[in-house]
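Summary of structural features
This is what each chain is made of:
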Amino acid sequence: MSTAIDDDLWSAIGEPTRRRMLDLLLAEQGTATTLSARLPVSRQAIAKHLSVLERVGLVTATTSGRERRYDVDDAQLARASAQLAQVGAAWDARLRRIQRIAERIQHERDAAAPHPDERETDEHQQNESEERNDG
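Calculation rules
Residues numbered from 1 in each chain as written. Predicted model: local features only at pLDDT ≥ 70, side-chain atom pairs only at ≥ 80, totals over all residues. Heavy atoms only, no water. Salt bridge = Lys/Arg side-chain N within 4 Å of Asp/Glu carboxyl O. Helix = DSSP H or I, 4+ residues; strand = E, 2+ residues; numbered from the N terminus. Core = buried A, V, L, I, M, F, W, Y, C linked by side-chain atoms within 4.5 Å. Buried < 20%, exposed > 50% of the residue type's maximum accessible area, 1.4 Å probe, protein only. Contact = heavy atoms within 4.5 Å.

On inspection of all chains with the given rule, the structure shows 3 salt bridges. One salt bridge connects Arg38 with Glu28, and the closest N-O pair in it is separated by 3.9 Å. Of this pair, Arg38 sits in helix H3 (residues 32-38) while Glu28 is found in the loop between helix H2 (16-27) and H3, placing the two residues 10 residues apart along the sequence.

As structure tokens, then:
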């Protein structure tokens, strides 16, 4: 399954206040006023954030009297989740490849390094050689 990554969608989700708003709206519908009461952001800022979320399709608005009630669009949220899973799988594959390369390099280094017994023999021979030269 190939899901194209929607940069506008992820730009909208990337902002922490908007993510918190989505969390609140997942629990229950809300208005700009009810959201601003639960977040340390002005009502005007909330309205701007809601506009961004609505533009990318993450929330839908319905008018009820003088209020606009916002709700999360489940289909668009599922699309975002699928994109995240795709990106996560791609990065997992990249990290596994990096791990295999690192393991191969370490294996090659280990194979090229002298065995500990050989190092002791080399050090012993070097010490004997130095003693003869000093003596």
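Bringing the nonpolar core into the picture now. Grouped together as the largest cluster of nonpolar side chains are 20 residues, with contacts concentrated most on Met21, Leu25, Leu35, Ile46, Leu50, Leu53 and Leu58. Contributing elements (two or more residues each) for this core: helix H1 (7-13), H2, H3, helix H4 (43-55) and strand E2 (67-72). Residues within four places of Leu58 in sequence aside, it is in contact with Leu9, Ile13, Leu22, Leu53, Asp71, Val72, Asp73, Gln76 and Leu77.

Turning to its location among the elements, Leu50 is positioned in helix H4. Take Leu50: its relative accessible area is 0%, and that puts it in the buried class. Note: C-alpha distance between Leu50 and Met21 (29 residues apart in sequence) is 8.4 Å. If we ignore the near neighbours within four places in the chain, the residues touching Leu50 are Met21, Leu25, Ala32, Leu35, Val59 and Tyr70.

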